[in-house]
Amino acid sequence: MRKYTPKDNVQGKAYYTDRFHVVPSVPTFDVATDEVFAKQLATLEAKVTIKSAKIMLGQMIVEINHEDNFKAIETLKSECDYAILSEMSAVDYLAKDGNFEVFYQLHNLKDVKRMRLVMRIEQGLAVESVVPLYKSANFAEREMFDMFGIVSNNHPFMKRILMPDDWEGNPLLKTYPLHGDEFASWYEVDKIFGKDAREAIGPEIRDQAQIDRYDTKRFSRVGYEVPFGADISEGETETPIEYSKTFLVDYQKADGSKPAEHRK
Amino acid sequence: MQQPNKLSPFFENLNFERDDNTMVINFGPQHPSAHGQLRLVLELDGEQVVKAYPDIGYLHRGIEKMAENMTYNEFLPTTDRLDYIASTSNNYAYALAVEKLLGIEAPRRAQVIRTMLLELNRIISHLFFVATHALDVGAMSVFLYAFREREFAMDLMEDYCGARLTHSSVRIGGVPLDIPSDWMVNMRKFCDTVDYELEHTYNALLQENRIWKMRLEDVGVLTPEDAMSWGCSGPMLRGSGIAYDIRKEEPYELYSELDFDIPVAETNDSYGRYRLYMAEMKQSTRMIRQLIGMYDETEPQLMAHAPQYISAPKEEIMTQNYALMQHFVLVTQGMRPPKGEVYVPTESPKGELGFYIKSEGEPYAYRLKCRAPSFFHTGLLQEILVGTYIADVVTIIGSTNIVFGEVDR
């Protein structure tokens, strides 16, 4: 059977994968192999249901239900000494599993341990804000909202942070193209000149490498130069310019006078 | 109230009178002491800040989005544009995260060079901090002196990798180049210069300067609890009396072999943080001196040997068929790390710079999150500025040492 690939994922993809390529995995270890983590996991297990737990590359990864996030983080902060929330954000698994993975990267300064609390949440559902526990979540949750559209309940100021307030779409979704969507290409035109000017200006070209073959105002083809703005939809003729003659230095003049000192 | 229309746009700085006698002013995004594109909306009661709202996003380039659309090696030069004051620390943090994911380790000589470059970048960044911080507060001459030494450091970077700001001097799996001749001699001279100038120029100009102390002492006080809650790291965390340095606690590269101290400031204020930066520069030169001695004992190998992920050295590619084939596949398709996720913290000059990479076994990262220290330090401004006076706002912004390349990403 053909391998399933999500159709609406517009991110970079490998153009060729070997038929027999087997994807290896980073080795994971049981939480019981680390004393400190095992103790913390036991503390957490008493409060919330744990879906899975493992140690990967020296850090514990615990998966919980998304309803329990506040309770779990409260336990980790008060009972397991996780004093810092280093980072929190989400990963888009909408095409594959139909949900987001939200992760909280926690840091224990006392035991020098780091762990990641992950949870899956469907699109349209909100997570409980952890701003009352960690103020660093204030900006991080706003960024998650901005980039993925995941709302945090009871956040003091749930507003876009990096993108403009009137932006449409969430840039880090897999369905959002790198160079922006239709809305993005008209955003500045509408904002600066108004919607009436759309026809006169045209959409913003957000792909900087884009070349329009028939745009003779900004591009030209070597050897096929035409006047500025000429219409070449019917094809263009070869220009009779010989570059070698133009740029070569003519050392021996025809009348035998002194050779030219400069390029033409 | 203004009536904005197409011909007369809304001027943010024109009308700030409110009913309750507070005034709303707009600081930035083009203010010279906003350290980039920081827009700060301040509500003032007289000269006192009642409410502060940092508005960011003016330099947003979607670097995390770009990471999902670039192979791992392609993305490395993009990391230069995060904290553009010390690009090597970004390159390194990213390279280390990918190396952890791949399970490879750079050879010893590469480690020595990397650690040396990281510390050199720390000096560059800290000199920049002292220069701009002093300039913001009003001490013009410090700026000129500090930029003179920073110039020497950038010359050293230029000698090594050819670039002054956007270095890309680290590769996944090692470093691209060996140290040029005379570089170590110049480095040693530079360390001497920095040590001398720290003592005789910056400290002489600032440390006991009455105006400097009046402007900095007890300004921007950050309690340890708040520092942890706001996710502060690096000098902001150590400036609040918490002796936590990732280089010491979770050592990476050669930091476990180096002999250095972690300066901590107990005063929690801007002056303490300034002293901390000065002390850290001294530790950096101390580390570089030790690393110069370590270099000679190393083998000349610069890149890790991992044919599945890393191209062979150029001599092998040019002479051996299999190395060429493998190089061709790695360049055209990109390396495919194993499936898994990793978060690697490093101590950048600004604080904890970490990369979270989620790999699905593809040549493109499934998700890359850059944990930038300045992002969280900017969030802190909304609390730390409340209750201070308008003249201290600039001091506090300077003291947090934020760089907008990594705030907005």
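Residues numbered from 1 in each chain as written. Chains lettered and ligands numbered in written order. Predicted model: local features only at pLDDT ≥ 70, side-chain atom pairs only at ≥ 80, totals over all residues. Heavy atoms only, no water.

**Looking at the overall build of chain A**
Secondary structure assignment for chain A yields 7 helices and 8 strands. Within chain A, the proportion of its 264 residues that are buried is 39%. In chain A, the proportion of contacts linking residues at least 24 apart, taken out of those at least 6 apart, comes to 43%. Carbon and sulfur atoms make up 53% of the accessible area of chain A, which totals about 15700 Å². (Helix = DSSP H or I, 4+ residues; strand = E, 2+ residues; numbered from the N terminus. Buried < 20%, exposed > 50% of the residue type's maximum accessible area, 1.4 Å probe, protein only. Contact = heavy atoms within 4.5 Å. Areas by Shrake-Rupley, 256 points an atom, 1.4 Å probe, with all protein chains shown as cover.)

**Topic: the overall build of chain B**
Of the regular secondary structure elements, chain B holds 16 helices and 6 strands. Taken over C-alpha atoms, the radius of gyration comes to 23 Å for chain B, in line with the 22 Å a tight globule of 409 residues would show. Projecting the C-alpha coordinates of chain B onto the three principal axes gives extents of approximately 80 × 55 × 40 Å. Classification of the 409 residues of chain B by burial places 63% in the buried group. (Rg over C-alpha atoms; globule rule 2.2 N^0.38 Å.)

**Observations concerning the packing of aromatic side chains**
The tally for this structure, following the rule as stated, stands at 20 aromatic pairs over all chains. A centroid spacing of 5.7 Å and a plane angle of 55° characterise the contact between Phe-183 of chain A and Tyr-187 of chain A, whose relative ring orientation is tilted. Of this pair, Phe-183 of chain A and Tyr-187 of chain A both sit in helix H5 (residues 182-193), separated by 4 residues, roughly a single helical turn. Relative to Tyr-255 of chain B, the ring of Tyr-252 of chain B has its centre 5.2 Å away and its plane inclined at 80°; by these criteria the two rings are edge-to-face. Through pairs of rings, three or more aromatic residues link up here, namely Tyr-92, Tyr-252, Tyr-255 and Phe-260 of chain B. Lys-77 of chain A extends its terminal NZ or CZ atom over the ring of Tyr-134 of chain A, reaching a point 5.3 Å from the ring centre. For Arg-221 of chain A, the ring lying beneath its charged end belongs to Tyr-224 of chain A, and the centroid distance is 4.1 Å. (Phe/Tyr/Trp six-rings, centres within 6.5 Å; stacked < 30°, edge-to-face > 60°. Lys NZ or Arg CZ within 6 Å of the ring centre and 35° of its normal.)

**Observations concerning the pattern of salt bridges**
Tallying each qualifying case throughout the model produces 53 salt bridges over all chains. Note that Glu-352 of chain B and Arg-114 of chain A form a salt bridge whose closest N and O atoms lie 3.0 Å from each other. A residue pair is termed interchain when its members come from two chains, as with Glu-352 of chain B in strand E5 (residues 351-359) and Arg-114 of chain A in strand E6 (residues 113-122). Assigned by exposure class, Glu-352 of chain B and Arg-114 of chain A land together as buried. Because the salt bridges share partners, they merge into one network encompassing Glu-119, Arg-122, Arg-238, Asp-245, Arg-247, Glu-280 and Glu-347 of chain B. (Salt bridge = Lys/Arg side-chain N within 4 Å of Asp/Glu carboxyl O.)

**Points about the interface of chain B and chain A**
At the junction of the two partners, chain B supplies 57 residues and chain A supplies 62 residues. Area buried by chain B at its contact with chain A is led by Lys-65, Glu-341 and Tyr-366 of chain B, which between them contribute 13% of it. Where chain B meets chain A, there are 11 salt bridges. For the interface between chain B and chain A, the tally reads 33 residue pairs in polar contact (both at pLDDT 80 or more). It is helix H14 (residues 373-384) of chain B that contributes the most residues to the side of chain B that touches chain A, 6 residues altogether. Residue composition of the side of chain B that touches chain A, by class: 24 nonpolar, 12 polar and 21 charged. (Buried area = accessible area lost by both parts, 1.4 Å probe. Polar contact = N/O pair within 3.5 Å; in protein donor to acceptor, adjacent residues only side chain to side chain. Nonpolar A, V, L, I, M, F, W, Y, C, P; charged D, E, K, R; others polar.)

**Re the domain arrangement of chain A**
When the domains of chain A are assigned, the result is domain 1 (28-153), domain 2 (177-210) and domain 3 (215-264). The gap between the C-alpha centroids of domain 1 of chain A and domain 2 of chain A is 39 Å. (Domains from an automatic or database assignment.)

**Examining helix H13 (residues 321-333) of chain B**
All names here are of chain B. Under the 1.5 Å per step criterion, the end-to-end length of H13 is 18 Å for 13 residues, consistent within 8% with the ideal 18 Å. Turning to H13, its buried residues number three or more, namely Ala-323, Gln-326, Leu-330 and Gln-333. Buried residues of H13, viewed axially, fall in a sector of 130°; they line one side. Exposed side chains of H13 directed beyond 90 degrees from the buried face belong to Asn-321, Phe-328 and Val-331. Those residues of H13 hidden inside the fold are in contact with helix H12 (314-319). Positive backbone phi, at 90°, marks Gly-334, one or two positions downstream of H13. (Expected span 1.5 Å × (residues − 1). Arc of directions from axis to C-beta.)

**Remarks on the pairing of strand E3 (residues 59-64) of chain A**
Note on strand geometry: in a regular strand, side chains alternate between the two faces of the sheet. Residues and elements named next belong to chain A. Counting buried residues in E3 gives 6 out of 6 residues, a clear majority hidden from the surface. On E3, burial covers both faces: Gln-59, Ile-61 and Glu-63 on one face and Met-60, Val-62 and Ile-64 on the other are all buried. By the bridge criterion, 6 bridges tie strand E2 (residues 50-56) to E3 in an arrangement that is antiparallel. Note that in E3 the partner of Ala-53 across the bridge is Val-62. Counting the residues that bridge the hairpin from E2 to E3 gives 2 residues, and of these Leu-57 lies at a positive phi of roughly 50°. In the sheet, E3 pairs with E6 via 5 bridges, with the strands oriented parallel. Across the sheet, residue Ile-64 finds its bridge partner in E6, namely Met-119. (Pairing = 2+ DSSP bridges.)

**As for the sheet that holds strand E3 (residues 48-55) of chain B**
All names here are of chain B. Strand order across the open sheet formed by 3 strands is E1-E2-E3, with antiparallel pairing between neighbours. Whereas interior strands pair on both sides, the edge strands pair on one side only; in this sheet they are strand E1 (23-27) and E3. The average undirected angle you get between the axes of adjacent strands in this sheet is 20°. Summarising the sheet, E1 and strand E2 (residues 39-45) pair through 5 bridges and their orientation is antiparallel. Note on E2: the bridge partner recorded for Val-24 is Glu-43. (Axes fitted to C-alpha atoms, helices over the stretch in contact; angles between N-to-C directions.)

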